[in-house]
Amino acid sequence: MSTTSAAGGTARGPRLLLGLAAVAVAFAAADTYVVVLALVDMMAGVGLSPDQLQRAAPIISGFLLGYVAMLPLIGRIADLRGRVPVLTASLVVFAVGSIVTAAAYDMPSMVAGRFLQGVGGGGLVPATLALVADLYPRERRGVPLGLVSAVQEIGSVVGPLYGAAVLAFADWRAIFLINLAVGLVLAAAIAALASRGAGAGRPRAGRRGLPDLVGVALLLLLLLAGALVFQPPGSLRADIDYGRLFIPFVEGGGRWLTPVGAATVVLAMLLVARTLTARRPLVDLRAWGRSLREADVTGASYLAVALGGVILAFATADPKVQVFSDQGRWYLLGAAVATVAFVVHLRRASDPLLPRGALAARPAWGSVVVSFLIGAALIAALIDVPLFARTTTYQDSQLLAALVLVRFLVALPVGAVVGGYLTRVLPAGVITAVGMVMAAVGFVMMSRWGVDALESWTATVPLVVGGLGFGLALAPVNAAVLAHTADAVHGLASAIVVVARMVGMLVGISALTTIGLRRYYAEQADIPPIQDVCPAGTTRCAEYSDLLRAAGIAQEQTVFLGAAGCAALAAVLALVLLRGADTRAAGHGRDAATGVPLVG
C-alpha cells in the first residue's frame, strides 16, 4: 500500500497521521520513565515512607504488566478492527489511567491507574508499527520504522527530564494531569484526521449526528461521583449532613462501601448498559466485544497470564540482591501452566489468537528470537550503567548517576534512524548484526571501567558506540517481521516482537544478575575480616569500603561481559535467521522466495 491511503487521502494526510501516532508513542514512552524522580512523592501520596521502597514495586510492575501482557491481544484487535480505532482507544485508556493515577489515594488505586496507563501506552506501539506497514511498501518502511523506534527511545530521555521540570513547579499529580490532557488531545486529533480520509489499515465509516446525550449525562455524573470517591473535599466530609455520604455502610469498610462509592458503581453500570443499548453510544462496546471474540480473548487470556507471571517474577525483585522476587518461583510455575494451556488452545481453536503459519517464515520467527536477545543485552545498559555510576563516581547522587545513561540514550535514536535508512540498501540481517557487534564492543569496553573511569571523557565512547549499535538493530528487526508476515497479522506480529524484547529484558537482568552476584560473592570472600583492615575499635574505615567497592565494580564488569555475550549471540543469529529478509528497494539484492535478483 502506498502513502495514498485507502480512504483516498493524499500522502500528506497519512504522514501527518503517522506523525501524530509517533508523538503519542514518544509521550507514552516518556511516562514509562517519568516515575524515576516522582516515585518517592507518589509513595507519600498513598501513605508510604521512603524507606518502604520495596512496597512501591507494584507501581512500576503494574505499568509493565499492562504494557506487556495485553500487547498481543491489542495487536490482534488492531488487525481486525483497524489501526486508527486502536490508536484512539489506547490514548483514551492511557488518559483514564492517568487521571486514576493522579487521583489515587491508596496503593491499589495507584497500581490500577498505572496498569491502565501501561495498557494504553503499550497498545500504541503495535498499532503504529502496523500503520507504517499499511502506508509504505516494504522497501520504504525502514526510515519510518526507524523514526518510530527513535521517538520511542527519545521518550526514555525525555521522561525523567519532563518529570523533573513538572516537579520544579508542581506536585507529582500534575504530571498525570498533563498526561490526561495530552492523551485526549492526541486521540481527538487522530480521530479527526482519520475521519477526513487520512486513515489507513481498515477505515470505518464515521457516524454523524448528535452524541448520545443520556450517555454524556451519565459520564459526567460518573466523573463527579468518582472524584468524590477518590478525592473527597474536606469540607463535605466534615459537614454534619453531607458527611454521611462518606461514612461506610459497615465498620471498617473502604471508600467504595459508602453511599458515594455505591452511587459511583451504580452509575458505572448504568453507563455500560447505555453504551450497549443506545443507537449512537459514546463507545460502541458491542463492536469492541465482537472484536474481542474474533481476536480469541480466551487464548489472549492464557498468554496474558503467562506473560504476567514472568513479569511479576522478575520485575518485583531487587536486581541488586535477588534474581526472583520472594514469590518468583510460584509466578513462574503459573506462567508455565498458562503457557501449556495456550499451546493446547492454539492447536484446538478454529480461529486462534496466533493464526497458524503466521510466523512460519524464518525471518518472521527469527525476528522474535533476535528481539529477545537484544532486550537481554539492552537491559544491562539501562540498569547497570547507573548502578556502576552510583558505586563509583556518584555515590551520593542517584540523579547524577542516572544521567550518565543519557549519553547512551541520546545515541540510540540516532542509530535507529540510520538503521532504518540502511534497510533500503543493505540486508536487514547484516545491519542488525553490525549494530549488535557495536553493542558488544561497547560492553567489552565498559567491562574494563575502573573506579575513576566515569571521570574521564573516554567513558563516553562505549556509551555512544553501544547506543548507536542498539539503535541500528531496532528498525531492521521490525522491518523483517513486517516483510514476512501477512498484512492481516501485522499488528499481532509487531506486538510479539515488542513483547519478546521486553521479556528478554526481564530474563536478561535475572541471568546477568546471577552471574554478577557470583562474581561479587567470590570477590567478597577474598576480603580480609574488617578487624584486619580497620583500626581497632572501629566498625568501618575507608580502606574496607574501598575493598567492598572493588567487589561491586567486579560484579558490574561481569554483567557487562555477559551482556556483550548476549549481543554477540544476537549478531550471529541475525545473520543466520534474518538471511533473505526482503526489506530492500528494487535493484538491491534478490527476491527472498525465488533468489532472483531484484532490478529497478
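Residues numbered from 1 in each chain as written. Predicted model: local features only at pLDDT ≥ 70, side-chain atom pairs only at ≥ 80, totals over all residues. Heavy atoms only, no water.

Where helix 6 (residues 107-135) meets helix 7 (residues 142-167), the closest approach of the two axes is 9 Å, and the angle between their N-to-C directions is 160°. In terms of orientation, helix 6 lies roughly antiparallel with respect to helix 7. Taken as a pair, helix 6 and helix 7 cross one another with a handedness that is right-handed. Where helix 6 abuts helix 7, its residues Val-125, Thr-128, Leu-129 and Val-132 lie against Pro-144, Leu-145, Val-148 and Gln-152. Considering only residue class, the contact of helix 6 with helix 7 consists of six nonpolar, two polar and no charged. (Axes fitted to C-alpha atoms, helices over the stretch in contact; angles between N-to-C directions. Helix = DSSP H or I, 4+ residues; strand = E, 2+ residues; numbered from the N terminus. Parallel < 35°, antiparallel > 145°, perpendicular 65-115°, else oblique. Left-handed = near helix turned anticlockwise from the far one by under 90°. Contact = heavy atoms within 4.5 Å. Nonpolar A, V, L, I, M, F, W, Y, C, P; charged D, E, K, R; others polar.)

Attention shifts here to the packing of helix 6 against helix 20 (residues 490-525). Packing of helix 6 against helix 20 leaves a shortest axis separation of 8 Å and a crossing angle of 130°. Relative to helix 20, the element helix 6 is oriented oblique. In this structure, the crossing between helix 6 and helix 20 has a hand that is right-handed. Across the interface between the two elements, Val-125, Pro-126, Leu-129, Ala-130 and Ala-133 of helix 6 pack against His-490, Gly-491, Ser-494, Ala-495 and Val-498 of helix 20. In terms of residue class, the contact of helix 6 with helix 20 is made up of seven nonpolar, three polar and no charged.

With respect to the helices and strands, Thr-432 occurs in helix 18 (residues 428-446). Of the polar contacts made by the side chain of Thr-432, one reaches the backbone oxygen of Ala-428; its length is 2.9 Å. Excluding its chain neighbours within four sequence positions, the residues that come into contact with Thr-432 are Val-370, Ala-473, Pro-476, Val-477, Ala-574 and Leu-578. (Polar contact = N/O pair within 3.5 Å; in protein donor to acceptor, adjacent residues only side chain to side chain.)

The analysis is restricted to geometry; functional conclusions fall outside its scope.
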